Amino acid sequence: MAMYIFILVLLLFGVFHFDYKENRFFKKFYYFVVFVVCTLMMCLRYRVGGDSLTYEDIYNYLPNLRTLSHYMNSRNKEDFQYGYLLFVAICRNISKDYYFYQFVHGVIFNLVFFWFVYKHSNKPFTAVLLTYFFIIYFYFGYEIQREIFAICCFLLSYSAFLKNKWIIYYFFCLLAFSFHNSAVFLFVLPLLKLVKLSTKFIYISLIFSIPIIISKIAFMDLIKVLLVTEAMQKKGEAYSEIEFSALGTIFFYFARVIIFVPFLLYYAKNKIEDKKYDWLFVGIFWVAMLSQAMIGIDRFNNYLYIPFIVFLSNFLYDERYRFRSWLHRKTVNLSGYLLLFSVICLKFFTHNIEGKYYFYNVFFPYETVLDKKDTKEREDYLEEMWKTGN
């Protein structure tokens, strides 16, 4: 916990001294220090995370460069994409130690993440703090080890996307798809630029979301047409088997859709740069609605959370946005915060098992490879989760 608290203090100081007070002296150096500390924290962790422990356990069974072709043709039971397996194979050729792979993986993610935030946010410490405080930083860096490479490809192509430089953008889309199937979302993302976000559009979308919830079976049949690979079809079948109770459906709809409506309505009425970010909010909103029918669709929003956090970090300080009152400002800001809270933090309350296995143990406490101390509570939670299929 000491490491987590230390980084939190570093970020809070950066937010106050550089973002809020707008001091420039040593800003780049301090940002670099934060980058180094965060990178070392992520790279030197020991059995911290959920899915990351699975990646660690299967690492010795994955191919090196010599066996890669054979593995792809006959043994790829996990349906991992070629780009990810190539990355693992290169790491295994250099060192068979999983923690070498983890170090390289963590450096790549942090390099792209911190570069992207500094390039696109006027308040970079605030953006990093939001990602860190709402546990999204840990989720991206620890858990979705294949998908995060696809997300990094999108972040690298972000400027090309905004400037409609499609050859560069789609090159990165193909690269992203070589790491994770979910990158198929990036191929259709430019279509959202054709949609104008308005209050009318938001209300019509909310009305449209009701039959999606009621007619799940028909909608899932439509979605399955878009699952173009065998691995995607298997994943789609697994997600389609996840069912909520009536109360669970209402709760999920409220947590993923309704809480974000105040922010959407405000932005639709008070755009500073006409339509520049409409695609972002339409994407988050529609993906959240469509995930009511198949929960797996919700992971497409993983590609949009970091751009949204960058937008939010600028929004919070931008005096061009006017509000009717102090309460109105706080309501809109809270709507944005709650969206980020619903990504991972909400699971601290909804993904505990039998009242004695707690989801927060996936990330807490922090342990380092320098000590290699197993956390019994974390191991017990994950073992129980795998047994129950949660």
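Analysis parameters
- Residues numbered from 1 in each chain as written.
- Predicted model: local features only at pLDDT ≥ 70, side-chain atom pairs only at ≥ 80, totals over all residues.
- Heavy atoms only, no water.
- Helix = DSSP H or I, 4+ residues; strand = E, 2+ residues; numbered from the N terminus.
- Buried < 20%, exposed > 50% of the residue type's maximum accessible area, 1.4 Å probe, protein only.
- Salt bridge = Lys/Arg side-chain N within 4 Å of Asp/Glu carboxyl O.
- Core = buried A, V, L, I, M, F, W, Y, C linked by side-chain atoms within 4.5 Å.
- Phe/Tyr/Trp six-rings, centres within 6.5 Å; stacked < 30°, edge-to-face > 60°.

Student: Can you break down the environment of F133 residue by residue, with the values?
Tutor: In this fold, F133 is placed in helix α7 (residues 124-133). The exposed category is assigned to F133, whose relative accessible area is 53%. Residues F133 and Y4 lie 129 residues apart in sequence; the distance between their C-alpha atoms is 10.0 Å.

Student: Could you give me a rundown of the pattern of salt bridges, with the residues and numbers involved?
Tutor: Throughout the structure, instances matching the rule amount to nine salt bridges. Between K123 and E22 there is a salt bridge, and its shortest N-O distance comes to 3.2 Å. Placement of K123 in the loop between α6 (98-120) and α7 and of E22 in the loop between α1 (2-20) and α2 (27-43) is noted, with a sequence separation of 101 residues between them. A residue is classified by how much of its surface remains accessible, and K123, at 10% relative accessible area, is buried. Between D318 and R320 there is a salt bridge; the shortest N-O distance is 2.8 Å. One continuous salt-bridge network, built from bridges that share partners, spans R47, E56, D57 and E379.

Student: Now, about the nonpolar core: what can you tell me, with residues and values included?
Tutor: Formed by 132 residues in total, the largest nonpolar core has its most connected members in Y137, F140, L186, L189, F281, F308 and F363. Residue contributions to this core peak at 10 residues, all from helix α19 (residues 302-315).

Student: Would you mind going over the side chain of S52 in detail, with residue names and values included?
Tutor: Relative to the elements of secondary structure, S52 occurs in helix α3 (residues 51-58). A relative accessible area of 3% means that S52 is categorised as buried.

Student: Residue-level account of the packing of aromatic side chains, with values.
Tutor: Considering all chains together, one arrives at 81 aromatic pairs under this definition. Each ring, one from F13 and one from F18, has its centre 6.5 Å from the other, and the planes form 90 degrees; the classification is edge-to-face. For F13, a relative accessible area of 41% corresponds to the partly exposed category. On the basis of relative accessible area, F18 is assigned to the buried category, the value being 5%. With 6.4 Å between their ring centres and 85 degrees between their planes, Y84 and Y101 make a pair best called edge-to-face. Of this pair, Y84 sits in helix α5 (residues 82-94) while Y101 sits in helix α6, and the two are 17 residues apart along the sequence. The pair formed by Y84 and Y101 is uniform in burial state, with each residue classed as buried.

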